[in-house]
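Next come the chains, spelled out residue by residue.
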Amino acid sequence: MGWLKKDPLQIIPFLTYGTKTHLYLRGRALEDEDIDLSKKGWFSLLVNSWKRFETDEIRNTAIQINISETKYNLITDAEGYYLQDKTSEIKLKTDAEGWLDYKIKYTDKDLKRQIQRDNNFKGQMLVPTEKAMFGVISDIDDTILHTGVTSRLKWKVVVNTLFKTPLKRKALEGTAEFYELLHNTVNPIFYVSNSPWNLYRYLAFFLKSNHFPKGPILLRDFRTPFDKTPKPELAHKYHEVYNILNTYPDLKFVLIGDCGEKDAYIYLDVVKKFPNRVAAIYLRSVDHRKRMKRIQHLFKDYKEIPVLIVDDSNQAIAHAKEHGFIN
């Protein structure tokens, strides 16, 4: 009956963000299905892709977060997610870049399951330091990672996601260098994508292996046709960008996206909703003549803030130097 043996348990804490007085900690409790992100071969890649979406979440289960010896007891939701979103009175200790470390573990005594890492999982939340001059909010798909969202029927998105490991995915040339210059060790970088949380580890692995600055990765819930949970009032990217700007009212932001989908329109709405909060917009060009023409026309006479449609990262670096975003 060994084939019935259940997979061990794990907790995946997501990189999140908060303030010195407000905790926002999020992650997911799942079975560990031994997904090897570096595995090659089309069959292995397909199996790993299936595992990412066919998750076995640990739902309605007791867990405990420990920060500076302060303990918070939570219950995972019906999809295995945990969320600690509340004002905090404890003194938060962060490192030089503003990262707060916390520990999380299962506390349900009835699990009777093997738990990875001796039931000691580590998460991090970013609290931007007072030295931060501005923040950066960046899209991922076709902004720093070629996904093919402009391809016909989005077939390239499927091929790239299902049949390529993160190590085989190439960052768009020069983007990591550009982001590192903007980051300058203290300016926070937030990565926002319409990809589902199922791809969190895949994207985190890609960003790290391509030497992008560490930052919160904000994805969306994966909704199926049978999902009965209420739809969010705002589209995912709107919600995340608005929330970041509301969380840090004293910071200006550089917004980075692409010309392929809705980034330009979202960012223009952000400028209107948050006057004097956006320092510049960078939009990477895409290989789609109609969309490029539409975006170029949209910004033809735009004078509110600096906007650059970027063909390569050297252009963006030169522009950012000219406007004082990088030295």
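Residues numbered from 1 in each chain as written. Predicted model: local features only at pLDDT ≥ 70, side-chain atom pairs only at ≥ 80, totals over all residues. Heavy atoms only, no water.

*Asks:* So what's going on with the sheet that holds strand 11 (residues 217-220)? Which residues, and what values?
*Replies:* Spatial ordering of the open sheet is given by 11-10-9-12-13-14, a layout of six strands whose pairing is parallel. Both outer strands of the open sheet, strand 11 and strand 14 (307-310), are each paired with one neighbouring strand and no more. Along the sheet, successive strands turn relative to each other by an average axial angle of 20 degrees, direction set aside. In terms of strand pairing, strand 10 (residues 189-196) meets strand 11 through three bridges, oriented parallel. The residue bridging Pro196 from the neighbouring strand is Arg220, located in strand 11. In this fold helix 5 (residues 236-247) packs onto strand 9 (135-139), strand 10, strand 11 and strand 12 (253-258), with an angle of close to 160 degrees to the strand it touches most, strand 10. (Pairing = 2+ DSSP bridges. Helix = DSSP H or I, 4+ residues; strand = E, 2+ residues; numbered from the N terminus. Axes fitted to C-alpha atoms, helices over the stretch in contact; angles between N-to-C directions. Contact = heavy atoms within 4.5 Å.)

*Asks:* Lay out helix 8 (residues 313-322) in plain terms, naming residues and giving numbers.
*Replies:* The periodicity of an α-helix, 3.6 residues per turn, causes residues three or four positions apart to be oriented the same way. Among the residues of helix 8, those classed as buried are Ser313, Ala316, Ile317, His319 and Ala320. Buried residues of helix 8, viewed axially, fall in a sector of 165 degrees; they line one side. The exposed residues of helix 8 that point more than 90 degrees off its buried face are Asn314 and Glu322. Looking at the buried positions of helix 8, the neighbouring elements they touch are helix 3 (175-183), strand 13 (278-284) and strand 14. The N-cap of helix 8, judged by a side-chain oxygen 2.9 Å from the amide nitrogen of Asn314 a few residues on, is Asp312. (Buried < 20%, exposed > 50% of the residue type's maximum accessible area, 1.4 Å probe, protein only. Arc of directions from axis to C-beta. Polar contact = N/O pair within 3.5 Å; in protein donor to acceptor, adjacent residues only side chain to side chain.)

*Asks:* Talk me through the environment of Leu9; I want residue IDs and the actual numbers.
*Replies:* Along the polypeptide, Leu9 turns up in strand 1 (residues 9-13). On a C-alpha basis, the gap between Leu9 and Leu111 in space is 9.5 Å, while along the polypeptide they are 102 residues apart. In this structure, Leu9 is in contact with Leu30, Glu31, Asp32, Ile58, Tyr106, Leu111, Arg113, Gln114, Ile115, Gln116 and Phe121, ignoring residues within four places of it in sequence.

*Asks:* So what about a positive patch on the surface? Which residues, and what values?
*Replies:* Taken together, the side chains of Arg289, Lys290, Lys293 and Arg294 make up a positively charged region of the molecular surface. If you trace the backbone, Arg294 turns up in helix 7 (residues 289-298). A residue is classified by how much of its surface remains accessible, and Arg294, at 46% relative accessible area, is partly exposed. (Patch = residues over 30% accessible without salt bridge, like charges linked within 9 Å, V, L, I, M, F, W, Y side chains within 5 Å. Areas by Shrake-Rupley, 256 points an atom, 1.4 Å probe, with all protein chains shown as cover. Salt bridge = Lys/Arg side-chain N within 4 Å of Asp/Glu carboxyl O. Lys, Arg positive; Asp, Glu negative; His and termini not counted. Charge placed at Lys NZ, Arg CZ, Asp CG, Glu CD.)

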